[in-house]
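Residue strings, one per chain:
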Amino acid sequence: MAVDRSRLPLPGPEPQFNFPHIERRSLSNGLRIWTVEHRQVPLVSVLLVTAAGAAADPEHQAGLAAMTADMLDEGCGDRSALDIHETLGRLGAQLDTDVGHDATVLGLTTLRRFLSEGIGLVAEMMLQPRFAEADVDRVRDLRLNRLLQYRDSPPALADRAFAELLYREHPYGHLPIGTERSLRAIGVDDVRRFHARAFRPELTTVIAAGDGDHETLAAAVARAFDGWHMAPAAEPLPGPSSFGEPFPPSNRLAVVHRPGAAQSELRIGHVALARRTPDYHACVVLNMILGGQFVSRINMNLRQDKGYTYGARTAFEFRRAPGPFAMHASVQGDATADAIRETLQEFRAIRGERPVTVEELAVGRAALTRGYPRNFETSDQIARAAAQLALYELPDDYFSTFVPTILALGPDDITHAAERHLHPERAAVVVVGDREKIGASLASLDLGDTSEMALA
Amino acid sequence: MDIPFTKHTLQNGLDVVVHEDRAVPIVAVNVWYHVGSKDEVPGRTGFAHLFEHLMFEGSKHHDRGYFQPLQAAGAALNGSTNADRTNYWEVVPSNALDLALWMESDRMGYLLPALTDTKFENQRDVVLNERRQNYENRPYGLAGMAIVSALYPEDHPYHWMTIGAAEDIRAAHIDDVRAFFRKYYHPGNASIALAGDIDAETGLRLADEYFGDLPGGERPPRVQVPPAAVTGEVRLLLEDRVELPRLYLAWHSPALFDAGDAELDLLGDVLAGGKTSRLYRSLVYEQRIATEVAASQNSRELGSFFQVVATAAPGRTLAEVERAVARALHDVATTGPTAGEMERGLAQAESHFLSRLQTVGGFGGKSDQLNAYNTYLGNPGFFSQDLDRYRSATAEALRDAAARWLRPDARVALSVVPRGAAALGLDGSTQVAVS
């Protein structure tokens, strides 16, 4: 039977999907335990989410949160770093440490039969780290070496310059790794003090998702963390409500000179919104249409129409306090000014002169809603989705209300979100590229004075 | 542990493999064409990958972008090219399976009527920018090119990387696209796997409905080359925009699935997997002469290569790094891994195989694995036998593989050093130019 190729097949009725159920309980020490049954494969993913990230770094000690987290597997109780990793290897476990601006997340994926042993080891790392001075020195050196290598990485340079340009002295004004100077200012006592302030049961949620029933998963976590008792915090970490407003950048255009660069690495954007904004869903849809997927306006313009780049994308980075909105791309050098001009024009156009169409809205909404179940396939995905709820204090029914909330948005909602939350007139631009070759064309952009950023 | 499947070959030669997994209402559609950069010729390198880009630019009955209707249906999709094969995939909500099959079959059957100079030239620019972004403008980004061109002779199809040479990409012609499509892009050179919210009967029926009337083609002859070898140690030096010197050591090793392939994969873990691994422990943790180490068996159809990479710590030389790596290799080739190392290596392998069962689609998901086994071995059900290769590996076999393949006198040693700092490289290295 021949297929009808005169038109695309229409989708059938939407399949039903039941989002994973999270069971929540807490220990008397304040630790929250969340469990999700996901019994496809005999693996369990455990995430320890602590609401303390790089934004909690003390002044002049940027990088302390990340250093502290990195030290957790360098020795605990009577185990050396090598002992810890021998055990992880024997358990077939993967350990993963991630320090963002708002949180530190330790992740462990292990075979089901080693669940108790795996969680026990992670608890020991968190509760009884050794923090030996020699280990701190070695880890600091490794991080300094990584920073050294970042000097040659255009994306790393651009990210750092963009954070500094947008946020300056604000807690979001540095990358989690910190700077050479700030890392050198960190000693073992700073690590110990930060650990005592940040790793506390009342700030932590442990999420276990995988091949076990709720009781089994929760019992394994409870056994490992039951004995975690700490005196009340003498100097609690600053929360996002104390962060204040970042000062607007003095210049809107910053260049990091990279002689002979084959491309220019770009960041274009501004401080935008916190995760708990009521406009979250509208902004997510707006971003899908503007630069959040392959068929978005900016990628179609810069890649598919102009051929300036391998790919361009935009994102709102929603954090506990207002995070940045930014376009990211690496473009060929001679197209730098044109790519910036086109991007700012796209920011402007979607706010009114070329508002979101019904068709664009349909694609943007559908990509988010119809594809939503794909995010719940593995234990690790499920645990990470739950971690968002824990970190941003989202409601229990967040997953099941996501799709209807998105579907209820109309074109006007998206245009209003663009008007309120996209600010092309104050968007700042970072270019990591060859100033000699592109400097003259940048002057034509009318963005005011250029600041030269040297990032040592 | 396995991936249950049903396989059927359509009249036109297309292999269809279906695996049912109802956990999430999605279906993965995964298509492999048995063509990669190894099927290119010198002077036209990078072509298989450029061609892959054109597969997303529309076909006769949908002469618009490939992404739009699929993303509107909630799909994730992508494609990739390597030396041996090109793959394309969609993961769709199960109600949009017909759409994905329609789109995949249309480009398999009817790509050329929609091909235009404009599309071709635009994607050539995109690929040149991909090359700039991921190779030319990235620290150490050109090292891979220097290594494969030294490991393999000029007429060997692994002599170049899949991204190809910039001048070859510029020289590519639209007529090459037509010839390439006719030779390699037809059902007889392809395999499709469906995995997820679908039963075998429906999957086979739908595959036949959408692909069954496409004309088959001659299965193109497989590239045949004599095994490549390196005689002696080839020392090369590349100056790059980097801060720290880095040493790459590369050896020829057994082809994908050949005897010794799994052993060398495990050996990579013994040498550089985690902090207890020999190289991390010795170079980074104890001696602190390196900031990072890696070791891997890069398995490929015509022959693999094993690679050790170590970045020197500031103030340290690659000569020191090389001596420490040589000691570790000598030790493991003499006495073999310990019982503890074997236990950890096997636990990691088992855990890795299990984790490969978690997703139906995407790169490395179950549909991709079924196609890999089917394309390379003609047997989609090789998963458990593949795991057995690891389970049956012994410490002695790892030792012997190290002794046989990772010899100091048959390897490429590439020093990548900061510009103007050739003295930091290994003595006696020949400077190479790569761009």
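Residues numbered from 1 in each chain as written. Chains lettered and ligands numbered in written order. Predicted model: local features only at pLDDT ≥ 70, side-chain atom pairs only at ≥ 80, totals over all residues.

Please provide a residue-by-residue account of the interface of chain B and chain A, values included.
It is common to report an interface's size as the accessible area lost on association of the parts. Taken together, the contact between chain B and chain A spans 62 residues of the former and 61 residues of the latter. Elements represented by at least two residues in the side of chain B that touches chain A include exactly α2 (67-72), β5 (86-93), α3 (97-110), α4 (117-136), α8 (200-211) and α12 (339-355) of chain B. The leading source of residues in the side of chain B that touches chain A is α12(B), at 9 residues. (Contact = placed C-beta atoms within 7 Å. Helix = DSSP H or I, 4+ residues; strand = E, 2+ residues; numbered from the N terminus.)

So what's going on with the domain arrangement of chain A? Which residues, and what values?
Residue and element names in this part refer to chain A. For chain A, the assigned domains are domain 1 (23-233) and domain 2 (253-452). Domain 1 puts 28 residues into the contact, and the matching count from domain 2 is 26 residues. Elements supplying a minimum of two residues to the side of domain 1 that touches domain 2: β2 (32-37), β3 (43-50), β7 (104-111), α5 (154-167) and β8 (204-210). Class assignment for the residues of the side of domain 1 that touches domain 2 results in 20 nonpolar, 6 polar and 2 charged. (Domains from an automatic or database assignment. Nonpolar A, V, L, I, M, F, W, Y, C, P; charged D, E, K, R; others polar.)

Give me the sheet that holds β2(A): which residues, what numbers.
To summarise the sheet geometry, strands pair through backbone hydrogen bonds and adopt either a parallel or an antiparallel arrangement. All names here are of chain A. Spatial strand order, β1-β2-β8-β3-β7-β6: 6 strands in an open sheet with mixed pairing. For this open sheet the edge positions go to β1 (23-26) and β6 (94-99), each flanked by a neighbour on one side alone. Neighbouring strand axes in the sheet, compared pairwise and without regard to direction, differ in orientation by 15° on average. The sheet contact formed by β3 and β7 spans 8 bridges and is antiparallel. (Pairing = 2+ DSSP bridges. Axes fitted to C-alpha atoms, helices over the stretch in contact; angles between N-to-C directions.)

Account for the sheet that holds strand β13 (residues 428-433) of chain A, with residues named and values stated.
All names here are of chain A. On the basis of which strands lie adjacent, the open sheet formed by 6 strands has the order β11-β12-β10-β13-β9-β14 and mixed pairing. Two strands close off the open sheet at either side, each with one partner strand: β11 (309-316) and β14 (450-452). Averaged over all pairs of adjacent strands, the angle between their axes in this sheet comes to 15°, without regard to strand direction. The pairing of β11 with strand β12 (residues 324-332) spans 6 bridges and is antiparallel.

Just give me the short version of the domain arrangement of chain B, but keep the residues and values in it.
Residue and element names in this part refer to chain B. Parsing chain B into structural domains produces domain 1 (6-211) and domain 2 (232-431). Relative to domain 2, the C-alpha centre of domain 1 lies at a distance of 28 Å. Counting only elements with at least two residues in the side of domain 1 that touches domain 2, the list comes to β2 (15-20), β3 (26-33), β4 (76-81), β5, α5 (143-151) and β6 (190-196). Considering only residue class, the side of domain 1 that touches domain 2 consists of 20 nonpolar, 7 polar and 6 charged.

Explain the nonpolar core to me, and be specific about the residues and the numbers.
Within the largest apolar cluster, 202 residues are counted, with the highest numbers of intra-cluster contacts made by Ile207(A) and Val92(B). Among the elements that line this core, the one with the most residues is helix α9 (residues 280-292) of chain A, at 8 residues. In contact with Val92(B), other than residues within four places in its own chain, are Ile26(B), Val27(B), Val29(B), Ala73(B), Gly74(B), Ala75(B), Leu97(B), Leu99(B) and Ala100(B). Counting 68 residues, the second-largest nonpolar core is a separate cluster that includes Tyr158(B), Val270(B), Ala313(B) and Ala328(B). (Core = buried A, V, L, I, M, F, W, Y, C linked by C-beta atoms within 7 Å. Buried ≥ 20, exposed ≤ 12 C-beta atoms within 10 Å, placed from the backbone.)

A description of helix α7 (residues 188-198) of chain A should follow, citing residues and the corresponding values.
All names here are of chain A. For α7, the complete set of buried residues consists of Val191, Phe194, His195 and Ala198. Seen from one end, α7 has its buried residues packed into an arc of 105°, which puts them on one side. Buried-residue contacts for α7 involve β3, α1 (64-71), β7 and α4 (133-150). (Arc of directions from axis to C-beta.)

Tell me about unusual backbone geometry, residues and numbers included.
Backbone geometry at Phe131(A) places phi at a positive 50°, although glycine is not the residue there. Positionally, Phe131(A) belongs in the loop between α3 (115-127) and α4.

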